[in-house]
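# Observations on the model geometry
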Amino acid sequence: MTERIDAGGTIGILGGGQLGRLLALAAAKLGYNTHVFCPEHACPASLVSTHTTCAAYDDFEALDAFAHQIDVATFEFENVPSETVARIAGSVQVRPSWTALEIAQDRAKEKAFFADIGAATAPWRPVHSLEDLIAAFTAVDTPAILKTARLGYDGKGQILIDNPEEAEAAWSEITSGQNLESAMVPFAVLEGFVKFTSEISVIAARGLDGHTQCFEPVENVHKKHILHTTTAPANISPTTAKTAIGIAERAAEALDLVGIVAVEMFVTSYGGVLVNEMAPRPHNSGHWTLDACQTDQFTQLIRAICGLPLAEPLRHSNAVMTNLLGDEISNLEAFHADPACHVYVYGKTEPRPGRKMGHVTRLSSLTN
Ligand code: AMP
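Residues numbered from 1 in each chain as written. Predicted model: local features only at pLDDT ≥ 70, side-chain atom pairs only at ≥ 80, totals over all residues. Heavy atoms only, no water.

### Some points on the packing of aromatic side chains
Note the following rule: A pair of aromatic rings is counted whenever rings of Phe, Tyr or Trp (Trp by its six-membered ring) have centres within 6.5 Å, and the orientation is called stacked for planes under 30 degrees apart, edge-to-face for over 60 and tilted otherwise. Partly exposed residues are those whose accessible area sits between 20% and 50% of the maximum for their type, while under 20% is buried and over 50% is exposed, using a 1.4 Å probe and protein chains only. A run of DSSP states H or I qualifies as a helix once it reaches four residues; a run of E qualifies as a strand once it reaches two. Both are numbered from the N-terminal end.
Summed over all chains, the structure comprises seven aromatic pairs. Judged by centre distance (5.2 Å) and plane angle (75°), the ring pair of Phe113 and Phe114 falls under edge-to-face. This pair shows no difference in class: Phe113 is buried, exactly as Phe114 is. Measuring from ring centre to ring centre gives 6.0 Å for Trp171 and Phe187, while their planes differ by 85°; the resulting arrangement is edge-to-face. In this pair, Trp171 sits in helix α7 (residues 167-175) while Phe187 sits in the loop between α7 and β8 (188-192), placing the two residues 16 residues apart along the sequence. By relative accessible area, Trp171 is classed as buried at 8%. Each member of the aromatic cluster is reached from another via a ring pair, and the members are Phe37, Tyr57, Phe66 and Phe77.

This is the structure in structure tokens:
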């Protein structure tokens, strides 16, 4: 298995969404071919990649053929089944490794991981039964959020509990249609509701040589649990920024990461930092780097997994990235007319409500 992959090599990407699309474009810029593996036809990434395999993640024949045509594999979403990764890893390097994915796929493992590296999270308890949930309120005050341990994103699989008396209703809602006998243990976590002053994220990249580089912290505003805007830089103190960067660096080290990891955090009123979650892949809150930095999260990922040195992630402009959801994608005139705006359209045909269709990054002069 090759360590360094030179231009002309082929990068396999599991997943075909906008993250895969922007990753394929970054790979092309550096002279690499891409091969997207995705179950959906005409997915955003396949429209710009060199090759596509359209097959299910449990189609081992298709996975084997894919693995033999690529020099390294990576992923653009973290819910890739473990069997899929194991199958590919039998023939070709998967970067980041399964360890990073396995932790990120499970909120309980993720929180334990952050505790191990000395990063605080909201108080939490694992929950696998109604009895566990009731008992968890002795450690976690209300309001609290009950979250499925796996497969939750953009607020899906989450219930706010204002009072322990709501436990039974919350438990039956979150477990509705689920087979707890076969579910991974724990099925859910109960975590304290954080009265944050802001939400921030840091993206750390780590190369094959173990060298780590972080983009600076940015501030994220969510609407209905979906990222609405990312502002760079975050309006936080230098001490808070240093703490946040330190956490992302330690996470990358502890995962022995080759690739990038986005760490989402809450900032509390006293400037403390509590980790919410991480994703060992490109992240929506890193899109601003495409236009406001000397390098971007996608290029950094390609550099890392191909064994190239990482670039300096310095910011040259202030930026506000806004997601374009659903029908907002058909209203681009003002953005196109504004020379400070960089518009991205992901090539999705159906603008369903809440669906990420594109984004726009508006740059302004560097102030700090
Ligand atoms: P998540 O799926 O965990 O990233 O949650 C999506 C969004 O819900 C977060 O970005 C926050 O805005 C909000 N949220 C999640 N967990 C908490 C929490 N423990 N306290 C307060 N807000 C939360």
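Now that the structure is up, let's keep going.
### Some remarks on the sheet that holds strand β1 (residues 10-14)
Quick note on the threshold: The pairing criterion is simple: DSSP has to find at least two bridges between the two strands. Orientation is described by lines fitted to C-alpha atoms, with helices fitted over the stretch in contact, and by angles between N-to-C directions that extend from 0 to 180 degrees. We call two residues contacting when some pair of their heavy atoms lies within 4.5 Å.
Taken in spatial order, the four strands make up an open sheet running β3-β2-β1-β4, and their pairing is parallel. With partners counted over all chains shown, the strands left at the sheet margins are β3 (51-54) and β4 (72-75), one partner each. Each strand axis lies, on average, 20° off the axis of its neighbour in the sheet, ignoring direction. Of the pairings in the sheet, the one linking β1 to strand β2 (residues 33-38) comprises five bridges and is parallel in character. What sits directly across from Ile13, in β2, is Val36. Set on the sheet, helix α2 (residues 60-68) makes contact with β1, β2 and β3; between it and β2 the angle comes to about 170°.

### Side note on the site of the ligand
Applicable threshold: Proximity criterion: a residue is near a molecule or strand once any of its heavy atoms comes within 4 Å of it. Here a polar contact is recorded for every N or O atom pair within 3.5 Å, except that within protein the pair must consist of a potential hydrogen donor and a potential acceptor, and residues adjacent in sequence are included only if both atoms are side-chain atoms. Here the accessible surface of atoms and residues is derived via Shrake-Rupley with a 1.4 Å probe, and residues count as covered only by protein chains that are part of the display. We call Asp, Glu, Lys and Arg charged. Ala, Val, Leu, Ile, Met, Phe, Trp, Tyr, Cys and Pro are nonpolar, and the rest, Gly among them, are polar. Segmentation into domains, and thus their bounds, comes from an automatic or database assignment.
In the vicinity of the ligand there are 16 residues, among which Lys147, Gln158, Glu191, Glu199 and Glu277 approach most closely. In this structure, an oxygen atom belonging to the ligand sits 2.6 Å away from a side-chain N or O atom of Glu199. A distance of 3.2 Å is found between an oxygen atom of the ligand and a side-chain nitrogen or oxygen belonging to His225. Across the complex, the protein chains shield 94% of the 470 Å² of accessible surface that the ligand would expose by itself. Split into classes, the residues belonging to the shell around the ligand amount to five nonpolar, six polar and five charged. Here the shell around the ligand spans two domains, since at least three of its residues come from each of domain 2 (123-192) and domain 3 (198-364).

### Describing the state of the cysteines
Under the convention used in this document: Our working definition of a disulfide is a cysteine sulfur pair at a distance within 2.5 Å.
With the rule as written, the count across this model stands at zero disulfides. Lacking any disulfide linkage, Cys214 is separated from the closest cysteine sulfur, that of Cys293, by 12 Å.

### Looking at the sheet that holds strand β6 (residues 144-148)
Taken together, the four strands give an open sheet; going across it, the order is β5-β8-β6-β7, and neighbouring strands pair in antiparallel fashion. Either end of the sheet is taken by a strand with one partner, and the two such strands are β5 (124-127) and β7 (158-161). Taking the axes of each pair of neighbouring strands and ignoring which way they run, one obtains an average angle of 20° across the sheet. The sheet contact formed by β6 and β8 spans five bridges and is antiparallel. Bridging across to β8, Ile145 finds its partner in Glu191. On the sheet, helix α5 (residues 107-116) packs against β5, β6, β7 and β8 and is oriented at approximately 50° with respect to β8. Docked against the sheet, α7 engages β5, β6, β7 and β8, running at close to 25° with respect to β6.

### A look at the domain arrangement of the chain
For the chain, the assigned domains are domain 1 (10-94), domain 2 (123-192) and domain 3 (198-364). With centres defined by C-alpha atoms, the gap from domain 1 to domain 2 works out at 34 Å.

### Quick look at the pairing of β1
The line we're drawing: Handedness rule for crossovers: strands pointing away from the viewer, path from the first strand over the helix to the second running clockwise, crossover right-handed.
The buried fraction of β1 amounts to five of the five residues, a majority that puts the element mostly inside the structure. Burial along β1 is two-sided: the residues Thr10, Gly12 and Leu14 and Ile11 and Ile13 are all buried. Regarding topology, helix α1 (residues 18-29) serves as the crossover connection from β1 to the parallel β2, and that connection is right-handed. Looking at chain direction, β1 and β4 are connected through four bridges and run parallel. Bridge assignment links Ile13 to a residue of β4, and that residue is Thr74.

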